[in-house]
There are 2 protein chains.
Amino acid sequence: MQKLELDEIDRVATYLTKIPGIGFKSAKRYAIWLGEHKTETSRLTEALKSLIENVTTCRKCFNLTTSKDGLCEICKNPERDASTICVVQSIENLVEIEQSNVYNGLYFVLGGVISPLYNTEHIIKRIEYLKRRVKEEHIREVILVLSSTTEGDLTVHYIKETLKGSDVKISKVASGIPVGTDINYVDKRTLAEALRSRVYI
Amino acid sequence: MQKLELDEIDRVATYLTKIPGIGFKSAKRYAIWLGEHKTETSRLTEALKSLIENVTTCRKCFNLTTSKDGLCEICKNPERDASTICVVQSIENLVEIEQSNVYNGLYFVLGGVISPLYNTEHIIKRIEYLKRRVKEEHIREVILVLSSTTEGDLTVHYIKETLKGSDVKISKVASGIPVGTDINYVDKRTLAEALRSRVYI
């Protein structure tokens, strides 16, 4: 049997599958394409090197930053409302909220939600750090933007318990019908939640 | 407005979108994940460097190889039937055919199909090279494994015309109902083609 499967391709494919959302079949296809397109691969490799050298996680909110002091542009911005922290699951969610221009406070990236099925100790640790931040920075409101799932609800509950005793208001985003969605396509749980959170007009 | 979008992340995302199948939104998500996971990113970068250094395209069939003489393991294997060439669209297809163990000849990777909409001159050039191979290597059969689409059919036609005058049999894979597919889910064109290519039993 000939060596059809090149180690170099397999290795790239294996590391690509570490990225959430890339399955093995796609990774293999991407790796083969990269093997066929060396110029593009060199550019990607250079870009990754620059990312490794320059990008770090903000030591206050876990957003990404290239700043040498380890603080992101949002945490350093004196025009942001430093009494409010918005807790998000991911940096992508942070970017989306920023793009919507409805929020001017600080952030805290949780990196996921608590789950009884997986080891989520790193998230527990971040919540402990959130508690310290709330106390030290005299935060007045913590807004939780977490998934409307069992794990999301568990995380909301855990944060609420952890922050108990701190003099801080805690809120969470409303559940309801997604904007632009036909009500016929909304599932029962969402409909019930939307009804419960009805707004008088 | 704060610098939310880091150039380093955007650059990685841009190069990732060059890979067919990765859209901009996914690429951005992958780039952010890579920014958050430097150990994994370093490993990926090393793997890509090794790929750039060691992997090349076979100068006979355009399969990938790490061999210094520029020939892949299939082209070099004396046990393969060197009188038959299977023309495939991509290296992935080559790998799939190899895994199915139904073929023992040589290959020729076309890298796509001819299209009137895009510049497919590189494919035309490969077909010219195929013609030379057929002549020089005294190939007896060329099997075309191309998409059952308008462009695929156009490519089949073009190859047939190009090889006219060469003393070579040309065949193409059968169209029909995919194995394991419920006939109720087969489209009309496939059904018609399968009927036309019916096999007496």
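Report on the accompanying structure. (Residues numbered from 1 in each chain as written. Chains lettered and ligands numbered in written order. Predicted model: local features only at pLDDT ≥ 70, side-chain atom pairs only at ≥ 80, totals over all residues. Heavy atoms only, no water.)

**Brief notes about the overall build of chain A**
The helix and strand tally for chain A stands at eight helices and six strands. When the elements of chain A are put in sequence order from the N terminus, they spell out α-α-α-β-β-α-β-α-β-α-β-α-β-α. Here chain A has a C-alpha radius of gyration of 21 Å; the compact-globule value for 201 residues is 17 Å, and the former is much larger. By its C-alpha atoms, chain A is 70 × 50 × 35 Å across when sized along the principal axes. Scored against the burial criterion, the 201 residues of chain A give a buried share of 43%. Across chain A, contacts joining residues at least 24 apart in sequence account for 46% of those joining residues at least 6 apart. Approximately 11,500 Å² of chain A is accessible, and the part contributed by carbon and sulfur atoms is 52%. For chain A, the distance from the average site of its 29 positive side-chain charges to the average site of its 27 negative ones is 3 Å. (Helix = DSSP H or I, 4+ residues; strand = E, 2+ residues; numbered from the N terminus. Rg over C-alpha atoms; globule rule 2.2 N^0.38 Å. Buried < 20%, exposed > 50% of the residue type's maximum accessible area, 1.4 Å probe, protein only. Contact = heavy atoms within 4.5 Å. Areas by Shrake-Rupley, 256 points an atom, 1.4 Å probe, with all protein chains shown as cover. Lys, Arg positive; Asp, Glu negative; His and termini not counted. Charge placed at Lys NZ, Arg CZ, Asp CG, Glu CD.)

**Focus: the packing of helix H2 (residues 24-36) of chain A against helix H5 (residues 91-100) of chain B**
Following both chains from N to C, one finds H2 of chain A and H5 of chain B inclined at 125°, their axes separated by 10 Å at the closest point. Classified by the angle between their axes, H2 of chain A and H5 of chain B sit oblique to one another. Packed against H2 of chain A, whose contacting residues are Lys 25, Arg 29, Ile 32 and Glu 36 of chain A, the element H5 of chain B presents Ile 91, Glu 92 and Glu 96 of chain B at the interface. Of the residues contributing to the contact of H2 of chain A with H5 of chain B, the split by class is two nonpolar, no polar and five charged. (Axes fitted to C-alpha atoms, helices over the stretch in contact; angles between N-to-C directions. Parallel < 35°, antiparallel > 145°, perpendicular 65-115°, else oblique. Nonpolar A, V, L, I, M, F, W, Y, C, P; charged D, E, K, R; others polar.)

**What about the interface of chain A and chain B?**
Taken residue by residue, the interface counts 56 residues in chain A and 56 residues in chain B. Summed over both sides, the interface of chain A with chain B buries roughly 5,400 Å², with 71% coming from carbon and sulfur. Taken together, chain A and chain B are joined by four residue pairs in polar contact (both at pLDDT 80 or more). Mapped onto the side of chain A that touches chain B, the elements with two or more residues apiece are helix H1 (7-16), H2, helix H3 (38-54), strand E2 (64-65), helix H4 (73-76) and helix H5 (91-100) of chain A. In terms of residues, the side of chain A that touches chain B owes the most to one element, H3 of chain A, which gives 14 residues. (Buried area = accessible area lost by both parts, 1.4 Å probe. Polar contact = N/O pair within 3.5 Å; in protein donor to acceptor, adjacent residues only side chain to side chain.)

**Remarks on the sheet that holds strand E5 (residues 141-145) of chain B**
Residues and elements named next belong to chain B. Here four strands make up an open sheet; going across it, the order is E4-E3-E5-E6 and the pairing parallel. Looking at the sheet topology across the chains shown, the edges are occupied by strand E4 (105-109) and strand E6 (169-172). Between one strand and the next, the sheet's axes are offset by a mean angle of 25°, whatever the strand orientation. The sheet contact formed by strand E3 (residues 81-88) and E5 spans five bridges and is parallel. Bridge pairing links Cys 86 to Ile 143 in E5. Contacting E3, E4 and E5, H5 runs over the sheet at an angle of about 160° to E4. (Pairing = 2+ DSSP bridges.)

**Focus on the relation of the copies chain A and chain B**
Mapping chain A onto chain B calls for a screw motion: a turn of 180° about the axis and a shift of 0.1 Å along it, with 0.1 Å RMSD after fitting. Taken together, the rotation angle and the small translation identify this as a two-fold axis. Of the C-alpha atoms belonging to chain A, the one lying closest to the rotation axis is found on Thr 45 of chain A, 2.9 Å away. Of the residues that chain A buries at the interface, 100% are likewise interface residues in chain B, meaning the two copies contact each other through the same surface. (Least-squares fit on C-alpha atoms with pLDDT ≥ 70 in both.)

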